[in-house]
Amino acid sequence: MSHSDSQSSLIRIEVDGAEHPVPEGITVIQAMWHLGRPTIHGVGCLGGVCGACPITYRLPDQPASKTGLACQTAVREGMAITFIPSDSSKKAIALLPKEAPTQKTLFQYYPETRRCTACRACTSVCPQEIDVMGGVRAAINGELATVAEKFTTCVMCGLCAAVCEVQIKPHRVGMYARRLTGAFYPKEATSLLHRIEEVRSGKYDAEWRELLSGDLSALAHDRVM
């Protein structure tokens, strides 16, 4: 047991069928590093954004497996963990069309989308809790704006594609839909414009001065309050 172990409460997790003690309160990725596993491939931003570290895990009191991102999932007592290989689906070289997209534009690059059987497997595994199947069905109906909106928080982990029995790549369909709507139906950035007006009006002047003063404790106190 290392010095750090003696300072923390230990719990036991299972990796590849073997049990290991790890400190409580750390993420799965941190647990792998704690165990000396050279987890490098499949690890990216460590902030839940890049989607490079998908896992499945099972808890003792929950027989159904769950999915998550290893950098965002905390270890729990008795947790059995399996790392999923990184997304191997091919990204279509999908150019933006010269004219406004139609229902067929997506199908030109992702024709398998039409095979959807509405089984909801894609939705059930999404660590971002996206209505993936709803996005796929919207794509089939040619509702590009709806597809783009549903996949706004997609981190491209590829779990939805990994479980699709008819080999649809929902995350890539969603990304292409976002490109199309951004190019042909751009929206005014109202939230950004509103924030700019707030800055110009001096709403954040006090916080800015505190930040420049180096007194971060005062700033943290204000946020808590």
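Residues numbered from 1 in each chain as written. Predicted model: local features only at pLDDT ≥ 70, side-chain atom pairs only at ≥ 80, totals over all residues. Heavy atoms only, no water.

Caption draft 1: Here's a closer look at the packing of aromatic side chains. Summed over all chains, the structure comprises two aromatic pairs. Judged by centre distance (5.5 Å) and plane angle (85 degrees), the rings of Tyr-109 and Tyr-176 are edge-to-face. Of the two residues, Tyr-109 is situated in helix α3 (residues 103-109) and Tyr-176 in helix α8 (residues 170-184); the sequence distance between them amounts to 67 residues. (Phe/Tyr/Trp six-rings, centres within 6.5 Å; stacked < 30°, edge-to-face > 60°. Helix = DSSP H or I, 4+ residues; strand = E, 2+ residues; numbered from the N terminus.)

Caption draft 2: Expanded view of the nonpolar core. Among the nonpolar cores identified, the biggest contains 27 residues, and Leu-106, Cys-116, Val-132, Val-147, Ile-168 and Tyr-176 are the most heavily contacted of them. Elements with a contribution of two residues or more to this core: α3, α5 (132-140), α6 (144-150) and α8. Counting residues per element, this core draws most heavily on α5, which supplies six residues. The contact partners of Val-147, leaving out residues within four places of it in the chain, are Gly-135, Ala-138, Ala-139, Val-173, Gly-174 and Ala-177. (Core = buried A, V, L, I, M, F, W, Y, C linked by side-chain atoms within 4.5 Å. Buried < 20%, exposed > 50% of the residue type's maximum accessible area, 1.4 Å probe, protein only. Contact = heavy atoms within 4.5 Å.)

Caption draft 3: Expanded view of the sheet that holds strand β3 (residues 54-59). Spatially, the five strands line up as an open sheet ordered β2-β1-β5-β3-β4, and their pairing is mixed. With one partner strand each, in any of the chains shown, β2 (18-23) and β4 (62-69) form the two edges of the open sheet. Adjacent strand axes in the sheet meet at a mean angle of 30 degrees when their direction is disregarded. Where β3 and β4 come together, five bridges link them in antiparallel fashion. Opposite Tyr-57, over in β4, you have Lys-66 as the bridge partner. (Pairing = 2+ DSSP bridges. Axes fitted to C-alpha atoms, helices over the stretch in contact; angles between N-to-C directions.)

Caption draft 4: Inspection of α5 at higher detail. Counting buried residues along α5, eight of its nine residues qualify, which places the element largely inside the surrounding structure. On its buried face, α5 is in contact with α3, α4 (121-125), α6, α7 (159-163) and α8. Gly-142 sits one or two positions beyond α5 and adopts a positive phi of about 75 degrees.

Caption draft 5: Here's a closer look at the pattern of salt bridges. Using the criterion set out here, one finds seven salt bridges in the structure. Note that Arg-12 and Glu-19 form a salt bridge whose closest N and O atoms lie 3.1 Å from each other. A salt bridge links Lys-203 to Glu-198; the shortest N-O distance between them is 3.2 Å. Looking at Glu-198, the relative accessible area reads 12%, which means it is buried. (Salt bridge = Lys/Arg side-chain N within 4 Å of Asp/Glu carboxyl O.)

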